[in-house]
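Listed below, chain by chain, are the residues.
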Amino acid sequence: MDTANSVPPWDLDPKIDQPMEEEAGNLENMYPEKEFSSLLVLRLAFQSLGVVYGDLGTSPLYVFYNTFPEGIKDPEDVVGALSLIIYSLTLIPLIKYVFIVLRANDNGQGGTFALCSLLYRHAKVNTIPNQHPTDEQLTTYSRHIIHEKSFAATTKRWLEATSIRKKLLLILVLIGTCMVIGDGILTPAISVLSAVGGIGVDHPKMSGDVVVVVSAVILVGLFSMQHYGTDRVGWLFAPIVLIWFLLIGGIGAFNIWKYDSSVLRAFSPIYIYRYFKRGGWSTLGGIMLSITGTEALFADLAHFPLSAVRLAFTTIVFPCLLLAYIGQAAYIVQNQDHVIDAFYRSIPVFIIATGSAIIASQATISAAFSIIKQALALGCFPNVKVVHTSKIIVGQIYIPDINWILMLMCIAVTVGFRNQSQIGNAYGTAVVTVMLVTTFLTMLVMLLVWQTHWIQVVTFAVLSLIVECNFFSAVILKVDKGGWVPLAIAVVFFVIMYVWHYGRAKRYEVELHSKVSMSWILGLGPSLGLVRVPGIGLVYTELASGVPHIFSHLITNLPAIHSVVIFICVKHLPVYIVPEEERFLVKRIGPTEFHMFRCVARYGYMDIRKKDDDFEKKLFENLFLFVRLESAMEVCSDSEDYNLYGQQIVRSGDSQVNDNRNMIISLNVDTTIASSGDDGGIIPAKSSDLAGQTSHETELDEMEYLKRCRDAGVAHILGNTILRAESDAKFIKKISIDYIYAFLKRVSRYNSVSENFHVPHERLLSVGQTFLV
């Protein structure tokens, strides 16, 4: 270990180590947008029923029970509650989410972090300041121009004005994320417990312990199936959910005809007013359960295309839900004593109901996976293993660690409460909080990204907040009756996510201030003052310019370094995916005889990380192509045999180069090209009259030299930065850095490079440092 807090930062020489704006600009936008055929959309819409809509579709199991837990005093209350349910389903899931919020997706990715990534691209509000203009040249960056005098520009300047506002935006996003995770814990608990509780209709003397045990067994089975992936689970569950929707819709229509068709007057909003006059506000917590699962509809968008999700909702889900609730209300009006088990008495399909309740949990579990994956890539969650389960839909993932944590917490909630009414109170608190967060973030997206007129934004905000604030005011009063559960879960996950992000930001800050300038490296000479041993050293850093302190620390303490050194910055961008053609930016650092390069490997938050062999193969392909193109440009830039693509030289007759025209070349190499001889020594450049021949020989010699070094062995050099709070730091900072962050770093899959790229441990070299912050 080494305490490096006192290392003075050197200013970078801008002529030696410029950012890769030129290289990034040479990349062409060739990434094709994913298009789906009509047949595939129908297929995915069918699958989405089993993944996205299970939660929303099984709400009829417990809505009326939680709305009238003490029975019904006036039949008009049923009509008033039904009117609230009808307009809640219409305003929130249908109008707000399906037609507005789902549009605010990040190239098909949904959830609070997708909204956050859109905002990060349109305003400098990222609390880790690693944004760079080269990022904006990615095909998938999709950033809109904001005119300086527009309302969007005013909003942008207001957000960027202070660090407090940036932190508040991050906190808002994290709160929404934590509530989605809490939703993933509470949904399986209340859905399965409600479904299994239907046994009591035919066996009223059955012990509650039996219901809890059966529920726990079903939950274990449900979470154990997650490793099969969304695609297989969707095919398995979708037929059951489709049958479920058709049954509840059909039986609901039958109940309207059989019992009391007069409940259809609930479509008039006047009954909502009358319901509130009779004290209906206190039942809003139960009515709000009718729209649970709506946030999962947005978060699960990564698993299915927008067109498929909309098609399934408008043609199957929404009409069947309306018929189901209206049918239940018609039955309850004539059978007021059966409100507790009204669902099973009005819809006698216990087996299908149990199956659908189990499936209902899938929506929020999948949503939790998606949103944690986004948080992980954006530096807001400790590193965990992510398994991609589909080759067609990149968003279909499985996270083993999170799966088992959710299962244990879900069983604990089920066993601890044993009562769906209290779980319902907790459930409502989580759901309405997420909706409020989504409303505020969508407003910012409408202003900054869509640049919508402020009157339309205000209209959206008013309509959304009138409904959601009323729901929130009702559920917040039930904190002592179970509503504290999602708050406790959210606090735990919020502390984990915020402290991890805070530690990442501090680590980036100390690396930025302790980096070494390239002028210091060049002053050491071609050998760096050390023995250059055969092989290639890949030095990983979060910095896209400058030399990381781990490298100076390494060469200061060890007498040797590899013959070729490549500084690799694995950069996570606020985009959902980076096309393979635009993944790598490569440039040379210093003179040719130094054999030093810089590579920026860019990833989006839904990118699949390749194994080590694939990563190295792609890296060296781009490096070799860089050397060829660099040599071609140095000598033949005025030749008629070459075509100029912007600032990129591509030889007409070289098919291999033409096939890789997206590759970049460095145009700011100010030094004379040199190459390595057969014995590894340095061969000086020839005179200018032999420039063409010398350049070709130089290229071949350097290519051969690089290949020999690659064959000699590739080592991955990683920095193990340990943060410690200063002795005079505040108490909260000491607890956060010295204990919580240190603990998370120990228990997480901290070495993200070795985990993501599956680097063998025998090829890893960890350089430890300690910094005081």
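For the structure itself, look to the data block above.
Below, the structure is looked at part by part. (Residues numbered from 1 in each chain as written. Predicted model: local features only at pLDDT ≥ 70, side-chain atom pairs only at ≥ 80, totals over all residues. Heavy atoms only, no water.)

Secondary structure summary: the protein chain contains 28 helices and twelve strands in total. In the protein chain, which comprises 773 residues, the share counted as buried stands at 57%. Once local pairs closer than 6 in sequence are excluded, the contacts in the protein chain between residues at least 24 apart make up 84%. Total accessible area on the protein chain stands at roughly 30,600 Å², and carbon and sulfur atoms take up 59% of it. (Helix = DSSP H or I, 4+ residues; strand = E, 2+ residues; numbered from the N terminus. Buried < 20%, exposed > 50% of the residue type's maximum accessible area, 1.4 Å probe, protein only. Contact = heavy atoms within 4.5 Å. Areas by Shrake-Rupley, 256 points an atom, 1.4 Å probe, with all protein chains shown as cover.)

To continue, consider the state of the cysteines. Put plainly, two cysteines are in a disulfide when a covalent bond ties their sulfur atoms together. Here the structure, examined in full by the defined rule, presents zero disulfides. This cysteine, Cys380, is not joined by any disulfide, and Cys116 carries the nearest cysteine sulfur, 7.1 Å off. Overall, Cys380 belongs to the buried group, its relative accessible area being 2%. (Disulfide = S-S within 2.5 Å.)

Attention now moves to the pairing of strand β3 (residues 531–541). Burial of β3 is extensive: eight of the eleven residues sit out of reach of the surface. Here β3 runs beside strand β4 (residues 560–572); their pairing, made up of nine bridges, is parallel. Note that in β4 the partner of Val539 across the bridge is Phe567. As paired strands, β3 and strand β11 (residues 714–724) are joined by four bridges and run parallel to one another. Bridge pairing in β11 places Val539 opposite Ile717. (Pairing = 2+ DSSP bridges.)

This part takes up the pattern of salt bridges. In the structure shown here, the tally under the stated rule is seven salt bridges. Lys156 is paired through a salt bridge with Glu160; the nearest N and O atoms lie 3.0 Å apart. Of this pair, Lys156 and Glu160 both sit in helix α7 (residues 151–160), four residues apart, roughly one helical turn. The residue Arg710 makes a salt bridge to Asp711 at a minimum N-O spacing of 3.7 Å. For Asp711, a relative accessible area of 61% translates into the label exposed. (Salt bridge = Lys/Arg side-chain N within 4 Å of Asp/Glu carboxyl O.)

The tally for this structure, following the rule as stated, stands at twelve aromatic pairs. Summarising the aromatic geometry, the rings of Tyr259 and Tyr331 are spaced 5.1 Å apart at their centres and angled 90° between planes, so their arrangement reads as edge-to-face. With a gap of 72 residues between them, Tyr259 in the loop between α11 (230–258) and α12 (270–277) and Tyr331 in helix α15 (residues 306–334) connect regions that are remote in the sequence. By relative accessible area, which is 26% here, Tyr259 ends up partly exposed. A network of ring pairs unites the aromatic residues Tyr53, Phe313 and Phe318 as a single cluster. We note Arg274 situated over the ring of Tyr271; from NZ or CZ to the ring centre the distance is 5.2 Å. Across the ring face of Phe624, the terminal group of Lys707 is positioned such that the distance to the ring centre comes to 5.8 Å. (Phe/Tyr/Trp six-rings, centres within 6.5 Å; stacked < 30°, edge-to-face > 60°. Lys NZ or Arg CZ within 6 Å of the ring centre and 35° of its normal.)

Moving on, we get to α15. Across its 29 residues, α15 extends 41 Å between first and last C-alpha, which sits within 8% of the 42 Å expected from 1.5 Å per residue. Phe313 marks the point of greatest bend in α15, at about 45°. (Expected span 1.5 Å × (residues − 1). Bend = angle between axes of the 7 residues up to and from the residue.)

Pairing between the strands of a sheet comes from backbone hydrogen bonds, and it takes one of two forms, parallel or antiparallel. One open sheet holds the six strands; their spatial order is β5-β6-β4-β3-β11-β12, and the pairing between them is mixed. The sheet is open, and its two borders are formed by β5 (584–588) and β12 (764–772), each paired with just one other strand. Recorded for the sheet is a direction-independent mean angle of 25° between the axes of neighbouring strands. Sheet topology note: the β11/β12 ladder contains nine bridges and is parallel. Within the sheet, the bridge partner assigned to His716 lies in β12 and is Leu764. (Axes fitted to C-alpha atoms, helices over the stretch in contact; angles between N-to-C directions.)

All right, on to the environment of Arg157 then. Within the secondary structure, Arg157 is located in helix α7. Linking Arg157 and Ala123, residues 34 residues apart in sequence, is a C-alpha distance of 8.1 Å.

At their nearest, the axes of helix α5 (residues 75–98) and α15 sit 9 Å apart, and the two run at 175° to each other. Taken together, the axes of α5 and α15 lie roughly antiparallel to each other. Where α5 approaches α15, its residues Pro75, Val78, Leu82, Ile85, Ile86, Leu89, Thr90, Pro93, Leu94 and Val98 are matched on the opposing element by Arg310, Phe313, Thr314, Phe318, Leu321, Leu322, Tyr325, Ile326, Ala329, Ile332 and Val333. Class assignment of the residues belonging to the contact of α5 with α15 gives a composition of 18 nonpolar, two polar and one charged. (Parallel < 35°, antiparallel > 145°, perpendicular 65-115°, else oblique. Nonpolar A, V, L, I, M, F, W, Y, C, P; charged D, E, K, R; others polar.)

Here helix α21 (residues 484–513) crosses helix α27 (residues 731–747) at 100°, and the two axes come no closer than 9 Å. As summarised for this structure, α21 and α27 are arranged roughly perpendicular, according to the angle between their axes. Where α21 abuts α27, its residues Val495, Ile496, Val499, Trp500, Tyr502, Gly503, Arg504, Lys506 and Arg507 lie against Lys733, Ser736, Ile737, Ile740, Tyr741, Leu744 and Lys745. Tallied by class, residues from the contact of α21 with α27 come to nine nonpolar, two polar and five charged.

Moving on, we come to the environment of Thr439. Among the structural elements, Thr439 can be located in helix α19 (residues 420–448). A relative accessible area of 0% places Thr439 in the buried class. Taking the C-alpha atoms as reference points, Thr439 and Val101, separated by 338 residues in sequence, lie 8.4 Å from one another. Residue contacts for Thr439: discarding those within four places in its chain leaves Lys96, Phe460, Ser464, Leu465 and Glu468.

Here the focus is the environment of Asn66. In this fold, Asn66 is placed in helix α4 (residues 63–67). In this structure Asn66 comes out as buried when scored by relative accessible area, which is 7%. Sequence separation between Asn66 and Gly285 is 219 residues, and the spatial gap between their C-alpha atoms is 7.8 Å.

This paragraph deals with the nonpolar core. Judged by nonpolar contacts, the single largest core of 151 residues is most densely connected at Tyr53, Phe113 and Phe245. It is α15 that provides the largest number of residues to this core, a total of 17 residues. When sequence neighbours within four positions are dropped, the list of residues in contact with Phe245 reads Leu49, Tyr53, Gly57, Ile316, Val317, Cys320 and Leu321. One finds Leu538, Val564, Leu706 and Val714 within the second-largest nonpolar core, a separate group that totals 26 residues. (Core = buried A, V, L, I, M, F, W, Y, C linked by side-chain atoms within 4.5 Å.)

Once that is clear, we can look at the side chain of Asp77. Mapped onto the elements of the fold, Asp77 is located in helix α5. In this structure the side chain of Asp77 is engaged in a polar contact, spanning 2.9 Å, whose partner is the side chain of Arg278. Among residues more than four places away in sequence, those in contact with Asp77 are Phe68, Tyr275 and Arg278. (Polar contact = N/O pair within 3.5 Å; in protein donor to acceptor, adjacent residues only side chain to side chain.)

Our next topic: the side chain of Thr112. One can find Thr112 in helix α6 (residues 112–122). Take Thr112: its relative accessible area is 0%, and that puts it in the buried class.

A few words on unusual backbone geometry. Within the chain, Gln451 stands out as a residue other than glycine whose phi angle is a positive 55°. Residue Gln451 is classed as partly exposed on the basis of its relative accessible area of 28%. In the Ramachandran plot, His595 falls in the positive-phi region, its phi being about 50° despite a non-glycine side chain. On the secondary structure map, His595 appears in the loop between β5 and β6 (596–603).

A few words now on a nonpolar patch on the surface. On the surface, a cluster of nonpolar side chains totalling about 570 Å² of accessible area is made up of Phe151, Trp454, Ile455, Val458, Val462 and Ile466. No other element matches the five residues that helix α20 (residues 454–475) contributes to the nonpolar patch. Checked against the element boundaries, Phe151 lands in helix α7. (Patch = residues over 30% accessible without salt bridge, like charges linked within 9 Å, V, L, I, M, F, W, Y side chains within 5 Å.)

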